[in-house]
Amino acid sequence: MTDPNPIDDTTDDYRRFEARLVAHDRDATHAVTADIGDTAARKLATELIDNGVVTPVPGKRVFVHEPSGTAFDSSTQLAVFHRGWTAARNADKEGE
């Protein structure tokens, strides 16, 4: 019996293609939140405060995200949470 022709063997190609599809699907279903810089986080926090979504607690130096009731001690944590929270709510609305 002869060995199969290695040129005709597409198993590795299929595995790489499938891995790319899985990675693409995973990226499409997860919101990107880790790329928020300090300046963007502060700007988003200020916008959320102005819109009444976040309440600052000056004596404790804390931000309270009103819709969820979650408290944060940094604008970056708040911004990352809010982006994820918003993405999850939008995904729920699209799923309805």
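Before going further, it helps to spend a moment on the overall build of the protein chain. Tallying secondary structure elements over the protein chain gives 3 helices and 3 strands in all. Each helix and strand of the protein chain, placed in order from N terminus to C terminus, yields the pattern α-α-β-β-β-α. Counting only residues that meet the buried cut, the protein chain has 16% of its 96 residues in that class. Looking at the protein chain as shown, the accessible area adds up to about 7,600 Å², and 52% of this sits on carbon and sulfur atoms.

In terms of nonpolar packing, the biggest core is built from 10 residues, these being Ile36, Ala41, Leu44, Ala45, Leu48, Val54, Phe63, Phe72, Leu78 and Ala79. Breaking this core down by element, the ones donating at least two residues are helix 2 (38-50) and helix 3 (75-95). Counting residues per element, this core draws most heavily on helix 2, at 4 residues. Beyond its immediate sequence surroundings of up to four residues, Ala79 is in contact with Ile36, Ala41 and Leu44.

On to the sheet that holds strand 1 (residues 54-57). Consider a sheet: its strands pair through backbone hydrogen bonds, and that pairing is either parallel or antiparallel. As summarised here, the arrangement of the 3 strands in space is 1-2-3, forming an open sheet in which the pairing is antiparallel. Since the sheet does not close on itself, it has two edges, and those belong to strand 1 and strand 3 (70-72), each with one partner. Strand-to-strand twist of the sheet, defined as the mean angle between neighbouring strand axes without regard to direction, takes the value 25 degrees. Looking at chain direction, strand 1 and strand 2 (residues 62-65) are connected through 4 bridges and run antiparallel. Pairing of Pro56 across the sheet is with Phe63, part of strand 2.

Let us now look at the confidence of the model for the protein chain. Fine structural detail should not be taken from predicted coordinates in areas where pLDDT scores are low. On average, the protein chain scores 79 in pLDDT, and the residues at 70 or more come to 72%. Of all the helices and strands in the protein chain, helix 1 (residues 11-29) carries the lowest mean pLDDT, 68, while strand 2 carries the highest, 93.

Here is what the cut-offs are and how they apply
Residues numbered from 1 in each chain as written. Predicted model: local features only at pLDDT ≥ 70, side-chain atom pairs only at ≥ 80, totals over all residues. Heavy atoms only, no water. Helix = DSSP H or I, 4+ residues; strand = E, 2+ residues; numbered from the N terminus. Buried < 20%, exposed > 50% of the residue type's maximum accessible area, 1.4 Å probe, protein only. Areas by Shrake-Rupley, 256 points an atom, 1.4 Å probe, with all protein chains shown as cover. Core = buried A, V, L, I, M, F, W, Y, C linked by side-chain atoms within 4.5 Å. Contact = heavy atoms within 4.5 Å. Pairing = 2+ DSSP bridges. Axes fitted to C-alpha atoms, helices over the stretch in contact; angles between N-to-C directions. pLDDT = per-residue confidence, 0-100.

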